[in-house]
Number of protein chains: 2
Amino acid sequence: MPLPDLCCARCRRRHPVRSLDWLCACGGLLDVTPFDREPPRLDAGGPASMWRYASALPVPGKDAVSLGEGMTPLLPVPDLPGVTLKVDYLMPTLSFKDRGAAVLATLARELGVRRAVADSSGNAGTAVAAYLSRAGVSCEVFVPAATPAGKLAQIAAHGATIRAVEGTREDVAAAAAVAAAQPDVFYASHVYHPYFLHGTKTYAYEIWEQTRGELPRTVVVPVGNGTLLLGAHLGFAELAAHGLIDRPPVLIGVQAAACPPLAEAMADGADESVPVTTTPTTADGIAIARPARGAQILAAVRETGGTIVTVDEEGTGAARADLAAQGLFVEPTSAVCWAALLAARAGTAPAGATWAGALPHLRAESVVVPLCGAGLKSP
Amino acid sequence: MPLPDLCCARCRRRHPVRSLDWLCACGGLLDVTPFDREPPRLDAGGPASMWRYASALPVPGKDAVSLGEGMTPLLPVPDLPGVTLKVDYLMPTLSFKDRGAAVLATLARELGVRRAVADSSGNAGTAVAAYLSRAGVSCEVFVPAATPAGKLAQIAAHGATIRAVEGTREDVAAAAAVAAAQPDVFYASHVYHPYFLHGTKTYAYEIWEQTRGELPRTVVVPVGNGTLLLGAHLGFAELAAHGLIDRPPVLIGVQAAACPPLAEAMADGADESVPVTTTPTTADGIAIARPARGAQILAAVRETGGTIVTVDEEGTGAARADLAAQGLFVEPTSAVCWAALLAARAGTAPAGATWAGALPHLRAESVVVPLCGAGLKSP
């Protein structure tokens, strides 16, 4: 199967995947063009990893750059029947980003590229560095100058060259974009390269298989750049297109109150993320003030009948402690969804239209909440 | 099925499991008495965790205290055909100790105990704290006063009470033993409680299933207290007893040259660990100067025709970097086996009888090497 090309989400211009384009000349974001897929099958068997769904991925599974990622446990929660936790930090680099990084690294090797750049202070940078190293592709990772030493050590261990950039997260992205504009450089971006989302869509497939096709009513997802949310939306949409499910679950996004550009857009009825004043948050993985795919995220959530809510630092901290008491130590970013569910069920959720709209979904008889990153990422 | 009792490995005295005994009055260590098992089956299916082998475990699987542990990936190594890495850090608390902790916590709940103690500065303490918290059992963890803050944070996050003890690792164990001697206290010891090894034996079962019964010739294991080695030995011995394999793989133990009581015993032909002078090592998880089950470890290794070798700090560091370049970031303790394999294959292994005896096994056509703990445990 040839590698599917990309196309502009705005002007529909086609971009050969070998062009290494990651943004259209019109400024539009790129998506993957439709390609012939074989739908996943229940009981198809195959490896106990996301590559059991290789036939539905845009890269060849037989040559996958794989570290065994995916097929993470779906755990019941004591005393909360119907609520399950998808333990998606049980991944080679300890976060769900490995789903997308494995696909990007496989693509990079298929394309024969030698050099790649990425930008991330955290989980995506680590995942991309690990998988590109395995693929034999040299990698520069642009990070904020203030990135904690532990995270830098993890990225450096995988052989990536670290480029520390003074300034905002946007300044880091801008520096990466300059490097990515060099000839023959692959921008291994979890935000801009749409192949990444075909990795994270396996999150939806796994829930479908692990529930034996009896999907939950509600799927809750933390939202910063939306890599898990958009992947989950894509996966459920594909299952529906194949007639394998009646309707996708309702997607409920959760942001930190300290950085709520999408939750506020939802409250305002806006089609794009809105400017916000941010404050510090422990949920650094979703502290994205201007998500590039904001419009896609909002459209995806609305299409499922969902909404986006915020939780505060106190709620996030309490949720993290509650998960640890269940034996599951996660980073703060991973605790925001649990905080939202606990608030909805305890009746302590704040007022407001988006929260009111979220309550029935967070209290639904079946809800899946992800645990995206290990606690040691941010002890 | 009733919970099998314990018996003294030295005087054969029987100890009811409900007695909470963990050492015989004669000073002997306790083992689990033989119990009726159903052997594991290839293609039996079941959950994608170690509980697919519940019928072979001493605790009931239907009430397991589980976080989805086990069935970790077995990965090929690029350019080394026949060599596979068992990525056993893809566990809820990020180390293989979860296998044993899940069984101990299930036992604790079955026994109805309310209080437990453990002693460990590292992975076992974290695993036991997490699983006992999920089981609703309060837990005190005795640790060396010098334990790094990150590890303490992880143990404390699971709600365990931390008791810092000045002195050596033996002083810590002695303090834990005093606490464990209180009435109705469960000593959740990865060293003394033999149920733990029935958790780690699933490591062997999984290799058997993942290789479709075509076991590797050699299984390499890091050795400190021997919880993985003794568990692997037990698992392979059970498979052989059921006629499912012709012979167990050769077990090659690896210790840090900085703390080699078992490697030196092997070189000396001794039946028990020998006193050694230790020096600092990054492989802190196996820096055990006086392993309680030393005699059992030596006997197990010899029974398979294996031996125990040492690797130095430089080799461990280089092996860790080599694994990270493959995309796999592990703690130093997890890199010692890889260091041994690389030395054997590069012809750089030191001289000496035990190393000479290990070379053909480490160069065998099929070898499994475990990655026991995530790199962020010790960045």
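Predicted, not measured: the structure shown is a model, and the values here were computed from it.

1. Thoughts on the side chain of Glu 140 of chain B
- Along the chain, Glu 140 of chain B turns up in strand β7 (residues 138-144).
- Excluding anything up to four places from it in sequence, Glu 140 of chain B contacts Arg 115, Ala 116, Val 117, Ala 118, Thr 161 and Arg 163 of chain B.

2. Concerning the interface of chain B and chain A
- Taken together, the contact between chain B and chain A spans 27 residues of the former and 27 residues of the latter.
- Its largest share of buried area at the contact with chain A, chain B owes to Leu 90, Arg 134 and Leu 376 of chain B, together 23% of the area lost on that side.
- There are zero salt bridges connecting chain B and chain A.
- Viewed at the interface, chain A and chain B are joined by ten residue pairs in polar contact (both at pLDDT 80 or more).
- Only β4 (74-76), α2 (123-135), α3 (149-157) and α10 (313-325) of chain B provide two or more residues apiece to the side of chain B that touches chain A.
- The element best represented in the side of chain B that touches chain A is α2 of chain B, accounting for three residues.
- When the residues that make up the side of chain B that touches chain A are grouped by side-chain class, the tally is 18 nonpolar, seven polar and two charged.

3. Quick notes on the domain arrangement of chain A
Residue and element names in this part refer to chain A.
- Under the domain assignment, chain A is made up of domain 1 (1-36), domain 2 (74-95 + 196-377) and domain 3 (98-194).
- Taking only C-alpha atoms, the centre of domain 1 and the centre of domain 2 are 27 Å apart.
- At the junction of the two partners, domain 1 supplies six residues and domain 2 supplies five residues.
- Carbon and sulfur atoms make up 55% of the surface buried where domain 1 meets domain 2, a total of about 390 Å² over both sides.
- Between the two partners, domain 1 and domain 2, sit one salt bridge.
- Between Arg 293 and Asp 31 there is a salt bridge, with its nearest N and O atoms 3.4 Å apart.
- Applying the counting rule to domain 1 against domain 2 returns three residue pairs in polar contact (both at pLDDT 80 or more).
- The class makeup of the residues in the side of domain 1 that touches domain 2 is five nonpolar, no polar and one charged.

4. Observations regarding the relation of the copies chain B and chain A
- For the pair chain B and chain A, the superposition axis carries a translation of 0.0 Å, the fit reaches an RMSD of 0.0 Å, and the rotation angle comes to 180°. With respect to symmetry, the two chain copies, as superposed, fit the operation of a two-fold axis. Minimal C-alpha distance to the rotation axis in chain B is attained by Leu 90 of chain B, lying at 2.6 Å.
- Both copies contact each other with a shared surface, as 100% of the interface residues of chain B are interface residues in chain A too.

5. So, the nonpolar core
- Core analysis: the largest hydrophobic core is formed by 172 residues, its most contacted members being Phe 186 and Tyr 195 of chain A together with Phe 186 and Tyr 195 of chain B.
- Discounting residues that sit within four places of it in the chain, Tyr 195 of chain A has contacts with Leu 3, Pro 4, Leu 6, Val 17, Val 32, Pro 58, Val 59, Val 103, Leu 104 and Leu 107 of chain A.

6. Some thoughts on the environment of Ala 374 of chain B
- With respect to the helices, strands and loops of the structure, Ala 374 of chain B is situated in the segment after β13 (367-370).
- Aside from chain neighbours lying at most four places away, what touches Ala 374 of chain B is Leu 94 of chain A together with Tyr 89, Leu 94, Phe 329, Val 330 and Glu 331 of chain B.

7. Describing the sheet that holds strand β13 (residues 367-370) of chain A
Residues and elements named next belong to chain A.
- Sheet architecture is open: six strands sit in the order β4-β5-β13-β10-β11-β12, paired in mixed fashion. The sheet is open, and its two borders are formed by β4 (74-76) and β12 (307-311), each paired with just one other strand. Across this sheet, the average inter-strand angle for adjacent strands is 30°, counted without regard to direction.

8. Topic: the side chain of Thr 202 of chain B
Residues and elements named next belong to chain B.
- With respect to the helices, strands and loops of the structure, Thr 202 is situated in helix α6 (residues 202-210).
- The class for Thr 202 is buried, based on a relative accessible area of 0%.
- When near neighbours in sequence (up to four residues on either side) are disregarded, Thr 202 contacts Met 50, Tyr 53, Leu 57 and Arg 99.

9. Considerations on the sheet that holds strand β5 (residues 83-86) of chain B
Residues and elements named next belong to chain B.
- Spatial ordering of the open sheet is given by β4-β5-β13-β10-β11-β12, a layout of six strands whose pairing is mixed. Single-partner strands in this sheet number two, and they are β4 and β12 (307-311). When the angles between neighbouring strand axes are averaged without regard to direction, this sheet yields 30°.
- Examined bridge by bridge, strand β10 (residues 218-222) and β13 share two bridges and lie parallel to one another. Bridge pairing in β13 links Val 219 to Val 368.
- Against the sheet, helix α12 (residues 353-362) contacts β10, β11 (250-256), β12 and β13, and its axis sits at roughly 100° relative to β12.

Calculation notes
Residues numbered from 1 in each chain as written. Chains lettered and ligands numbered in written order. Predicted model: local features only at pLDDT ≥ 70, side-chain atom pairs only at ≥ 80, totals over all residues. Heavy atoms only, no water. Helix = DSSP H or I, 4+ residues; strand = E, 2+ residues; numbered from the N terminus. Contact = heavy atoms within 4.5 Å. Buried area = accessible area lost by both parts, 1.4 Å probe. Salt bridge = Lys/Arg side-chain N within 4 Å of Asp/Glu carboxyl O. Polar contact = N/O pair within 3.5 Å; in protein donor to acceptor, adjacent residues only side chain to side chain. Nonpolar A, V, L, I, M, F, W, Y, C, P; charged D, E, K, R; others polar. Domains from an automatic or database assignment. Least-squares fit on C-alpha atoms with pLDDT ≥ 70 in both. Core = buried A, V, L, I, M, F, W, Y, C linked by side-chain atoms within 4.5 Å. Buried < 20%, exposed > 50% of the residue type's maximum accessible area, 1.4 Å probe, protein only. Pairing = 2+ DSSP bridges. Axes fitted to C-alpha atoms, helices over the stretch in contact; angles between N-to-C directions.

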